[in-house]
Protein chains: 2
Amino acid sequence: MQKSFKKLTLCSNSPRRRELLSGLDLEFTVDTKTSFEEVVPPGMAPEDIPMHMALGKAGGFHRPLEEGELLITADTIVICNGKALGKPAPNKESAAAMLRMLSGKTHMVITAVCITSLEEQISFTDRSEVTFCALTDDEIDYYTDKYQPYDKAGAYGVQEWIGYVGIERIEGSFYNVMGLPVHKLWRALSTT
Amino acid sequence: MQKSFKKLTLCSNSPRRRELLSGLDLEFTVDTKTSFEEVVPPGMAPEDIPMHMALGKAGGFHRPLEEGELLITADTIVICNGKALGKPAPNKESAAAMLRMLSGKTHMVITAVCITSLEEQISFTDRSEVTFCALTDDEIDYYTDKYQPYDKAGAYGVQEWIGYVGIERIEGSFYNVMGLPVHKLWRALSTT
């Protein structure tokens, strides 16, 4: 469907975000260069972290925006027992430890999205609750071995095997859990 | 992961069900031949329809099952305002009328699954609530033109464009809405 902006740019290394934005049937380019360092300021509340990161990625974008260009940045975090879970360390033990923490519990997923143009900046968040079944050691072992979910907040992909066998309930947007609340993004782009 | 059954057979014409069963990383074959006719008995309550269909597809399977074989049959229905919505008539007007009915409302999706072997039959249902944003005429027009959702209960695919731009909330299993509650199927297969 036709939109009024001239150019859409996604600043994200996440293949899921690229896939989700593609699903909106919009043309866009990917440009991941930003000087922003993803460091959480001491004392920041977990639920404020994704917006801090999404705004920071936009602020550190490596070049000036063009006339009519919209830049999309986003960040996703998992909050379980009041603790923020980002990506695990890139090893099986760290990923398995996160999954054992999520097993049999309900956690919160928050994604913040920031749309920046020369004239303005629109930002919003979306929250979903995700309930995992009680996972067996064999299931955690199989998933971390085969899928190596080291680039994912909370060490799981809702669209992967563990999301098929292990998630019994979502309250909110499924695509928000994947990394981009496309229903809100679409409506924001429709009014931009 | 290893399971104890010798052979898994899916009796379903739905490409979504094939994709979802593949996502469980199990080997299976597809055999869609059943003599069952999908006719709703007069007076049947909407929420009983999917189980009637799933059991019927299994009962009409065209050949005897083998020793150690599990047959999976399933059926999905959308219930909106107390009315059962199956697949639309294969034309744009019928699909658009269903989407206008779902727009801005919460509806229920029920999938019934039946696992049949020589020794026993296990069956279960799963329910999810789906809330659509208020859809514009342009959105309904674009989706029905481009995606022709004639083979889908309720005239929409949650995994397609309309599910990206138009669904603001799910309560329950996303994959149940796609056509197969894989978390329950996985656990049922684990104990079979």
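Just so we're clear, the structure is a prediction, and the values are computed from it rather than from any experiment.

Reading the values: the criteria
Residues numbered from 1 in each chain as written. Chains lettered and ligands numbered in written order. Predicted model: local features only at pLDDT ≥ 70, side-chain atom pairs only at ≥ 80, totals over all residues. Heavy atoms only, no water. Core = buried A, V, L, I, M, F, W, Y, C linked by side-chain atoms within 4.5 Å. Buried < 20%, exposed > 50% of the residue type's maximum accessible area, 1.4 Å probe, protein only. Contact = heavy atoms within 4.5 Å. Least-squares fit on C-alpha atoms with pLDDT ≥ 70 in both. Axes fitted to C-alpha atoms, helices over the stretch in contact; angles between N-to-C directions. Helix = DSSP H or I, 4+ residues; strand = E, 2+ residues; numbered from the N terminus. Parallel < 35°, antiparallel > 145°, perpendicular 65-115°, else oblique. Left-handed = near helix turned anticlockwise from the far one by under 90°. Nonpolar A, V, L, I, M, F, W, Y, C, P; charged D, E, K, R; others polar. Polar contact = N/O pair within 3.5 Å; in protein donor to acceptor, adjacent residues only side chain to side chain. Buried area = accessible area lost by both parts, 1.4 Å probe. Salt bridge = Lys/Arg side-chain N within 4 Å of Asp/Glu carboxyl O. Pairing = 2+ DSSP bridges.

Engineer: I'd like a rundown of the nonpolar core, residues and numbers included.
Structural biologist: Counting residues in each nonpolar core, the largest one holds 97 residues, and the members touching the most others are Leu24(A), Tyr156(A), Leu185(A), Leu24(B), Tyr156(B) and Leu185(B). In contact with Tyr156(B), not counting residues within four places along its chain, are Val78(B), Leu99(B), Leu102(B), His107(B), Val109(B), Val130(B), Phe132(B), Tyr143(B), Pro149(B), Ile162(B), Ile167(B) and Val177(B).

Engineer: Go over the relation of the copies chain A and chain B with me, naming the residues and quoting the values.
Structural biologist: Laying chain A over chain B is done by rotating through 180° and shifting 0.0 Å along the axis; what remains is an RMSD of 0.0 Å. Viewed as a symmetry operation, the transformation between the two copies matches a two-fold axis. In terms of C-alpha distance to the rotation axis, chain A has Glu171(A) as its closest residue, with the C-alpha 2.3 Å off the axis.

Engineer: Mind laying out the packing of helix 3 (residues 92-102) of chain A against helix 4 (residues 137-147) of chain A, listing which residues take part and the relevant values?
Structural biologist: Residues and elements named next belong to chain A. Two elements in contact, helix 3 and helix 4, have axes separated by 10 Å at closest approach and are oriented at 135°. Between helix 3 and helix 4, the interaxial angle falls into the category oblique. Pair helix 3 / helix 4 crosses with right-handed handedness. Contacts between helix 3 and helix 4 involve Lys 92, Ala 95, Ala 96, Leu 99 and Arg 100 from the former and Ile 140, Asp 141, Tyr 143, Thr 144 and Asp 145 from the latter. The residue inventory of the contact of helix 3 with helix 4, partitioned by class, reads five nonpolar, one polar and four charged.

Engineer: An account of helix 3 of chain A is requested, with residue identities and associated values reported.
Structural biologist: Residue and element names in this part refer to chain A. For helix 3, every residue scored as buried is listed here: Ser 94, Ala 95, Ala 96, Met 98, Leu 99 and Leu 102. Residue Asn 91 occupies the N-cap position of helix 3, its side-chain oxygen lying 3.3 Å from the main-chain nitrogen of Glu 93. A positive backbone phi angle near 75° is found at Gly 104, which sits one or two residues after helix 3.

Engineer: Which residues make up the interface of chain A and chain B, and what values go with them?
Structural biologist: Contact residues are listed per partner, giving 34 residues for chain A and 34 residues for chain B. Of the roughly 2800 Å² buried between chain A and chain B on both sides combined, carbon and sulfur atoms contribute 53%. Put simply, chain A and chain B have six salt bridges between them. The residue Arg169(A) makes a salt bridge to Glu171(B) at a minimum N-O spacing of 3.5 Å. Here chain A is connected to chain B by 24 residue pairs in polar contact (both at pLDDT 80 or more). Examining the composition of the side of chain A that touches chain B, we find that six residues originate from one element, strand 7 (residues 167-172) of chain A, more than from any other. For the side of chain A that touches chain B, a count of residues per class yields 18 nonpolar, seven polar and nine charged. Examined bridge by bridge, strand 7 of chain A and strand 7 (residues 167-172) of chain B share three bridges and lie antiparallel to one another. By the bridge assignment for strand 7 of chain B, Ile170(A) is matched with Gly172(B).

Engineer: Report on the pairing of strand 3 (residues 69-80) of chain A, specifying residues and quantitative values.
Structural biologist: All names here are of chain A. Taking burial as the measure, the twelve residues of strand 3 include twelve buried ones, the bulk of the element. Of the two faces of strand 3, the one lined by Glu 69, Leu 71, Thr 73, Asp 75, Ile 77 and Ile 79 and the one lined by Leu 70, Ile 72, Ala 74, Thr 76, Val 78 and Cys 80 are each fully buried. As judged from the four bridges shared by strand 1 (residues 7-10) and strand 3, these two strands associate in the parallel manner. Within strand 3, the residue paired with Leu 10 across the bridge is Ile 72. Across nine bridges, strand 3 lies against strand 5 (residues 106-116) in antiparallel orientation. Each bridged residue has a counterpart across the sheet, and for Leu 71 the counterpart in strand 5 is Thr 116. Pairing of strand 3 with strand 4 (residues 83-85) involves three bridges; the strand directions are antiparallel. Bridge assignment links Ile 79 to a residue of strand 4, and that residue is Ala 84. Linking strand 3 back to strand 4 in an antiparallel pair, the connection comprises two residues, with Asn 81 at a positive phi of about 55°.

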